[in-house]
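Spelled out from the first residue to the last, the chains are:
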Amino acid sequence: MKLLRQLAIILIIGYLGDLIHTIFHLTIPGNVIGMSILFVCLYTGIIKVTMIDKITDFLLDHLAFFFIPAGVGILTCLPLLKNKWTSFIVICVVTTILIIVITGWTIQFYIRRTEKDD
């Protein structure tokens, strides 16, 4: 029952983000708005981490499953990519490197900042 309650919290916040996106015709996707709402709720303490810890662990454990639709989407677009493989591969490699570098810098910044606070 606890897992269902935690799932309900996540789904309600996600739906709220979609609702805000639809009502205000924003260019930001509803799921990004929902994640921002969740962040603010966690940061301010409105939602405690313990209120969603089990469902988030479950979702993170099965994260690879959520990439299947994207992979299938790429496979369905193979005819469109026929003459653009070089560009597609370059974009994938460059963005992967950028994500790794920016994530590394962010973690290093966070570690340095938390060490100063101690």
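Heads up: these notes are all about the structure in this document. (Residues numbered from 1 in each chain as written. Predicted model: local features only at pLDDT ≥ 70, side-chain atom pairs only at ≥ 80, totals over all residues. Heavy atoms only, no water.)

Let's shift gears to the overall build of the chain. Summing up its helical and strand segments, the chain has five helices and zero strands in all. Counted from the first residue to the last, the chain has its helices and strands arranged as α-α-α-α-α. Residues classed as buried in the chain amount to 12% of the 118 residues present. Carbon and sulfur atoms make up 75% of the accessible area of the chain, which totals about 9900 Å². Within the chain, one finds 9 positive and 7 negative side-chain charges whose respective centroids are separated by 8 Å. (Helix = DSSP H or I, 4+ residues; strand = E, 2+ residues; numbered from the N terminus. Buried < 20%, exposed > 50% of the residue type's maximum accessible area, 1.4 Å probe, protein only. Areas by Shrake-Rupley, 256 points an atom, 1.4 Å probe, with all protein chains shown as cover. Lys, Arg positive; Asp, Glu negative; His and termini not counted. Charge placed at Lys NZ, Arg CZ, Asp CG, Glu CD.)

What follows deals with the packing of aromatic side chains. Between two aromatic rings, the relevant description is the distance of the centres plus the angle of the planes. Inspection of the entire model under this criterion finds three aromatic pairs. Considering the side-chain rings of Phe39 and Tyr43, the 5.9 Å spacing of their centres and the 25 degrees angle between planes classify their relative orientation as stacked. Placement of the pair is Phe39 and Tyr43 together in helix α2 (residues 30-44), with a separation of four residues, close to one helical turn. As far as the burial class goes, Phe39 and Tyr43 line up, both exposed. (Phe/Tyr/Trp six-rings, centres within 6.5 Å; stacked < 30°, edge-to-face > 60°.)

Side chains of Leu75, Leu78, Trp85, Ile89, Val90, Val93, Val94, Ile97, Leu98, Val101, Ile102 and Trp105 sit close together on the surface and give an oily, nonpolar patch of about 1100 Å² of accessible area. Per-element tally for the nonpolar patch: the top contributor is helix α5 (residues 85-117), with ten residues. Examined against the element boundaries, Trp105 turns out to sit in helix α5. (Patch = residues over 30% accessible without salt bridge, like charges linked within 9 Å, V, L, I, M, F, W, Y side chains within 5 Å. Salt bridge = Lys/Arg side-chain N within 4 Å of Asp/Glu carboxyl O.)

In terms of nonpolar packing, the biggest core is built from nine residues, these being Ile9, Ile13, Ile33, Ile37, Leu38, Cys41, Ile47, Ile52 and Ile55. Counting only elements with at least two residues in this core, the list comes to α1 (2-24) and α2. Considering every element that reaches this core, the biggest residue donor is α2, with four residues. Those residues in contact with Ile47 that lie beyond four places of it in its chain are Ile9, Ile13, Leu38, Cys41, Leu42 and Ile52. (Core = buried A, V, L, I, M, F, W, Y, C linked by side-chain atoms within 4.5 Å. Contact = heavy atoms within 4.5 Å.)

Turning our attention to the layout of surface pockets. Unfilled space is identified by rolling a water-sized probe across the atoms. As a volume, the largest pocket reaches approximately 320 Å³. Considering the residues around the largest pocket, the lining is formed by Ile10, Ile13, Gly14, Asn31, Gly34, Met35, Leu38, Thr56 and Leu59. If one sorts the elements of the lining of the largest pocket by residue count, α2 sits on top with four residues. (1 Å grid on protein atoms, 1.4 Å probe; cavity = no way out; pocket = protein on both sides within 12 Å on 5 of 7 lines; lining within 4 Å. Points joined across faces, edges and corners; volume = space filled by probe spheres on them.)

A separate point is unusual backbone geometry. The backbone phi angle of His25 is positive, close to 50 degrees, even though this residue is not glycine. Locating His25 in the fold gives a position in the loop between α1 and α2.

Further remarks concern the packing of α1 against helix α3 (residues 53-61). Relative to each other, α1 and α3 sit at 80 degrees, their axes nearing to 8 Å. What the angle tells us is that α1 and α3 run roughly perpendicular. Contacts between α1 and α3 involve Leu3, Gln6, Leu7 and Ile10 from the first element and Asp53, Lys54 and Ile55 from the second. Residue composition of the contact of α1 with α3, grouped by class: four nonpolar, one polar and two charged. (Axes fitted to C-alpha atoms, helices over the stretch in contact; angles between N-to-C directions. Parallel < 35°, antiparallel > 145°, perpendicular 65-115°, else oblique. Nonpolar A, V, L, I, M, F, W, Y, C, P; charged D, E, K, R; others polar.)

Quick look at α1 now. Working note: α-helix, 3.6 residues per turn, so residues spaced by three or four point in the same direction. Here α1 contains 23 residues, and its C-alpha end-to-end distance of 33 Å stays within 8% of the 33 Å for a straight helix at 1.5 Å per residue. Residues of α1 that are buried: Gln6, Ile9, Ile13 and Gly17. Where α1 is buried, its residues touch α2 and α3. (Expected span 1.5 Å × (residues − 1).)

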